[in-house]
Amino acid sequence: TQLLEQSPQFLSIQEGENLTVYCNSSSVFSSLQWYRQEPGEGPVLLVTVVTGGEVKKLKRLTFQFGDARKDSSLHITAAQPGDTGLYLCAGENTGGFKTIFGAGTRLFVKA
Amino acid sequence: ETGVTQSPTHLIKTRGQQVTLRCSSQSGHNTVSWYQQALGQGPQFIFQYYREEENGRGNFPPRFSGLQFPNYSSELNVNALELDDSALYLCASSIGGYMGNTIYFGEGSWLTVV
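What you see is a predicted model; the values in this text were computed from it and never measured.

1. Focus on the sheet that holds strand β8 (residues 74-78) of chain B
All names here are of chain B. In space, the four strands of this open sheet follow the order β1-β3-β8-β7, with antiparallel pairing throughout. The two strands at the open ends of the sheet, each matched to only one other strand, are β1 (5-7) and β7 (64-68). Direction aside, the axes of adjacent strands within the sheet are offset by 15° on average. Across five bridges, the pairing between strand β3 (residues 19-24) and β8 is antiparallel. Its bridge partner being in β8, R22 is matched across the sheet by E75.

Below is the structure:
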């Protein structure tokens, strides 16, 4: 059974601080996605990483896919209150039709 | 606004009843996936439909069933509801059945079973 473990589960920081969220698995994924979900809404895709070692930047967010395509990280620079939300990583299995989600990291950025 | 709409947004059912949830996918998307998200957890894959055929299924019992229609809209049916079925049910649409393509989620249907 493929599992994705996210850490930390909960993070409360001050505005302006940096943070990193981790997503780890013992399984290889053909691609990995990061989503952000706000209360009462569905997840919104932030990025998809496909190649081992790939790094993608989205403004203050930096996403990295591990060389072995088993893990990923999300780094946020100078966090803002608007970054508050549930961050989910999701991995696509090699069959391409089943996506596994982590349990999420709930981020709270205080002004 | 993702172009994926789900209905109803909220509903309450009694244990043992049946429920049908509906999803209208984004225009041009031929793949629909359904997820169950319990409070405080990540979404769990239920199944996926690609061009009206089930294309994969997660670890959910047969009382969870689905349909995809020629216009690619979809239904999730749950029979013999149990209290643990209380969750947010998410529909996601994409093209081609691969997550490498952009996937769009609806806002979900909140189901409470009492």
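2. Some remarks on the pairing of strand β11 (residues 109-113) of chain B
Residues and elements named next belong to chain B. Along β11, the buried face is formed by S109, L111 and V113; none of W110 and T112, which line the opposite face, is buried. Pairing geometry for strand β2 (residues 10-13) and β11, over four bridges, is parallel. Following the sheet pairing, I12 is matched in β11 by T112. Where strand β9 (residues 87-94) and β11 come together, three bridges link them in antiparallel fashion. Among the inter-strand pairings, L88 is bridged to a residue of β11, identified as W110.

3. Here's the deal with the packing of aromatic side chains
Counting across every chain of the model gives eight aromatic pairs over all chains. Between Y35 of chain A and F105 of chain B, the ring centres sit 5.5 Å apart and the planes meet at 85°, which makes this aromatic pair edge-to-face. Here Y35 of chain A, found in strand β4 (residues 31-37), pairs with F105 of chain B, found in strand β10 (residues 104-105), and the two come from separate chains. This pair shows no difference in class: Y35 of chain A is buried, exactly as F105 of chain B is. Through pairs of rings, three or more aromatic residues link up here, namely Y35 and F101 of chain A together with Y35, F45 and F105 of chain B.

Calculation criteria
- Residues numbered from 1 in each chain as written.
- Chains lettered and ligands numbered in written order.
- Predicted model: local features only at pLDDT ≥ 70, side-chain atom pairs only at ≥ 80, totals over all residues.
- Heavy atoms only, no water.
- Pairing = 2+ DSSP bridges.
- Helix = DSSP H or I, 4+ residues; strand = E, 2+ residues; numbered from the N terminus.
- Axes fitted to C-alpha atoms, helices over the stretch in contact; angles between N-to-C directions.
- Buried < 20%, exposed > 50% of the residue type's maximum accessible area, 1.4 Å probe, protein only.
- Phe/Tyr/Trp six-rings, centres within 6.5 Å; stacked < 30°, edge-to-face > 60°.

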